[in-house]
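# Reading the structure
Given next are the chains, with one letter for each unit.
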Amino acid sequence: MGTTRTALVTGATSGLGLATVRRLAATPGWRVVLAVRDLRRGRALAGELGPDAGLVALELASLASVREAAATVAGQEPPVDVLVLNAGLQVTRSDVASADGHELTFAVNHLGNYLLTRLLLPHLAPGGRVVTVGSGTHFGTLRKSGPYPRPRWEDPRVLATPREGSGQRAYATSKLATVYFSRELARRTPGIDVVTFDPGLLPATGLARDYSPRAQALYRRLTPLLERLPGAQTVERAAGQLADVVTGPDGTPGRYVERGVEAPSSPESLDPRRARELWDVSADLVGLPAQISAS
Ligand SMILES: NC(=O)c1ccc[n+]([C@@H]2O[C@H](COP(=O)([O-])OP(=O)(O)OC[C@H]3O[C@@H](n4cnc5c(N)ncnc54)[C@H](OP(=O)(O)O)[C@@H]3O)[C@@H](O)[C@H]2O)c1
């Protein structure tokens, strides 16, 4: 008799998350909990994956929704073994606010994930794992992120404030925050394995959905070409690598896995002072003490 392990995957209804939960649900010994903002699509997907699949509503742009989702999951058995923080967005502007008044990209790509993780940590199965999803845009170099705007790190309270500017820059900066968060989480939680998975460029997902219809149409037409660029790949391939990170053995906590291979994250992302500051400010913004308590 084998034991079943549970992976909770956010953003399970589209793109990388969808392809990954299909793989995990088909992996012997694994079940999935789908954390989704659209329950109608979530129910249909759970129906497709079978009776073992769990479902929870999660809108990362609302801290109240994150708290509700965490309370639901915390009360469920079996506990989550692996928390996969896949959901994310890219918008064109940085002056849009979340339900709590935070800059939307920072709110969804960082703060919601931070709160969800903090609330679920005491409920993870022993020896649990947290997988964050990063992006090569956090490097801000031509080789890793092409012409994409570089991240611009600032005081996290400034990053959390809606203001005029490029949504793409906010996205790259939020993915730098993802690496800081993962490394600081690993430092503060011995016994929990923490990994940042960078899938490379995935032109076929819905990440560009905030772009103009014309830009999206062009992007769709170019997808088969873009997928052949060095640093890019298909969603299916990336999902296989993410599923391997979820089900594979432990490694160095806080490691960065780029398209299936452990690799260094950017030199900028290794700054422990920024990682600590982001942790402390995030705790304050979500109303938690910075120190992790046992329950
Ligand atoms: N595409 C790329 O080139 C690329 C490269 C590097 C990293 N990534 C990262 O990969 C991850 C998955 O993105 P993707 O490329 O698969 O894009 P995607 O197809 O747009 O999927 C994003 C997922 O996040 C969910 N989501 C978005 N906003 C949310 C919110 N406010 N609350 C809860 N869920 C929300 C979406 O929900 P719905 O299904 O309801 O829309 C969707 O399931 C993201 O973290 C992204 O930053 C992508």
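Up top is the structure these notes are about.
Note that the structure is a prediction, hence the values are computed from the model and not measured.

With that out of the way, let us pick up the overall build of the protein. Counting its regular elements, the protein contains 10 helices and 8 strands. For 295 residues, the compact-globule estimate of 2.2 N^0.38 gives 19 Å, and the protein sits close to it at 18 Å. Along the three orthogonal principal directions, the C-alpha set of the protein runs to about 50 × 45 × 35 Å. Burial status across the protein gives 51% buried among its 295 residues. Residue pairs in contact within the protein that sit at least 24 positions apart in sequence constitute 73% of those at least 6 positions apart. Surface exposure of the protein reaches about 13400 Å², of which carbon and sulfur atoms provide 54%. Looking at charge distribution, the protein has the averaged site of its 34 positive side-chain charges lying 5 Å from that of its 28 negative ones.

A separate point is unusual backbone geometry. Backbone torsion omega between glutamate 77 and proline 78 reads -5 degrees, so that peptide bond is classified as cis. Mapped onto the secondary structure, proline 78 falls in the loop between α3 (63-74) and β4 (82-85). Not every positive phi belongs to a glycine, and arginine 259 is a case in point at roughly 45 degrees. For arginine 259, the location among the structural elements is in the loop between β7 (255-258) and β8 (261-262). Exposure remark for arginine 259: the relative accessible area of 32% places this residue in the partly exposed category.

Conventions adopted
Residues numbered from 1 in each chain as written. Predicted model: local features only at pLDDT ≥ 70, side-chain atom pairs only at ≥ 80, totals over all residues. Heavy atoms only, no water. Helix = DSSP H or I, 4+ residues; strand = E, 2+ residues; numbered from the N terminus. Rg over C-alpha atoms; globule rule 2.2 N^0.38 Å. Buried < 20%, exposed > 50% of the residue type's maximum accessible area, 1.4 Å probe, protein only. Contact = heavy atoms within 4.5 Å. Areas by Shrake-Rupley, 256 points an atom, 1.4 Å probe, with all protein chains shown as cover. Lys, Arg positive; Asp, Glu negative; His and termini not counted. Charge placed at Lys NZ, Arg CZ, Asp CG, Glu CD.

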